[in-house]
Amino acid sequence: MDTANLTAFLAVAETASFSRAAELLHLTQPAISKRIASLEQQLNCRLFDRIGRHVGLTEAGLALQPRALQITH
């Protein structure tokens, strides 16, 4: 598991937005999407529910969040 992917995950979880997370991390929105897709593929589960412009954590995302914080901090 790449810490850059976890950092992107935490930024999206915190901002509830892929574009705001990209701004926060000084990356492009497609780069954030790619990192989240990679993490979801590694874990074999969806981490976010994407409904229109709304982004929310799935149960798997909620479970990963405290572990990701421990790893990245």
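Everything below is about the structure shown above.
Not measured: the values here are computed from a predicted model.

Novice: How should I be thinking about the environment of Gly52 in this particular structure?
Specialist: Examined against the element boundaries, Gly52 turns out to sit in the loop between strand E1 (48-51) and strand E2 (54-57). A residue is classified by how much of its surface remains accessible, and Gly52, at 76% relative accessible area, is exposed.

Novice: Quick question: what am I supposed to make of helix H2 (residues 18-25) here?
Specialist: Since there are 3.6 residues in each turn of an α-helix, residues three or four apart along the chain are aligned in direction. Among all positions in H2, only Phe18, Ala21 and Ala22 are buried. End-on view of H2: buried residues confined to an arc of 105 degrees, all on one side of the axis. Structurally, H2 contributes buried residues whose contacts are with helix H1 (3-15), helix H3 (29-43), E1 and E2. Between the side-chain oxygen at the start of H2 and the backbone nitrogen of Ser19 there is a gap of 3.3 Å, and the oxygen is on Ser17. The first or second residue beyond H2 is His26, which carries a positive phi of 60 degrees.

Novice: What is the right way to read the pairing of E2 from this model?
Specialist: Strand residues, when the strand is regular, have side chains that alternate between the two faces of the sheet. In this structure, E1 lies alongside E2, joined through four bridges in antiparallel fashion. Note on E2: the bridge partner recorded for Arg50 is Val55. Where E1 folds back on E2, the antiparallel hairpin that results is connected by two residues, among which Gly52 adopts a positive phi of roughly 60 degrees.

Novice: What is the right way to read H3 from this model?
Specialist: With 15 residues, H3 ought to run about 21 Å at 1.5 Å a step, and its terminal C-alpha atoms sit 21 Å apart, in line with that. Taken together, the buried positions of H3 are occupied by Ile32, Ile36, Leu39 and Glu40. Down the axis of H3, the smallest arc covering the buried residues is 100 degrees, so these residues share one side. Summarising the geometry of H3, the exposed residues directed more than 90 degrees from the buried face are Pro30, Lys34 and Gln41. Looking at the packing, one finds that the buried side of H3 touches H1, H2, E1 and helix H4 (59-72). One or two residues past the end of H3 sits Asn44, with phi positive at roughly 55 degrees.

Novice: Which parts of the structure should I look at to understand the layout of surface pockets?
Specialist: Empty space among the atoms can be located by rolling a probe the size of a water molecule over them. Put simply, the largest pocket is a space of about 160 Å³. If you trace the largest pocket, you find it lined by Ala16, Ser17, Phe18, Ser19, Arg20, Gln29, Arg53 and Val55. Per-element accounting of the lining of the largest pocket gives the leading share, three residues, to H2. For the lining of the largest pocket, a count of residues per class yields three nonpolar, three polar and two charged.

Here is what the cut-offs are and how they apply
- Residues numbered from 1 in each chain as written.
- Predicted model: local features only at pLDDT ≥ 70, side-chain atom pairs only at ≥ 80, totals over all residues.
- Heavy atoms only, no water.
- Helix = DSSP H or I, 4+ residues; strand = E, 2+ residues; numbered from the N terminus.
- Buried < 20%, exposed > 50% of the residue type's maximum accessible area, 1.4 Å probe, protein only.
- Arc of directions from axis to C-beta.
- Contact = heavy atoms within 4.5 Å.
- Polar contact = N/O pair within 3.5 Å; in protein donor to acceptor, adjacent residues only side chain to side chain.
- Pairing = 2+ DSSP bridges.
- Expected span 1.5 Å × (residues − 1).
- 1 Å grid on protein atoms, 1.4 Å probe; cavity = no way out; pocket = protein on both sides within 12 Å on 5 of 7 lines; lining within 4 Å.
- Points joined across faces, edges and corners; volume = space filled by probe spheres on them.
- Nonpolar A, V, L, I, M, F, W, Y, C, P; charged D, E, K, R; others polar.

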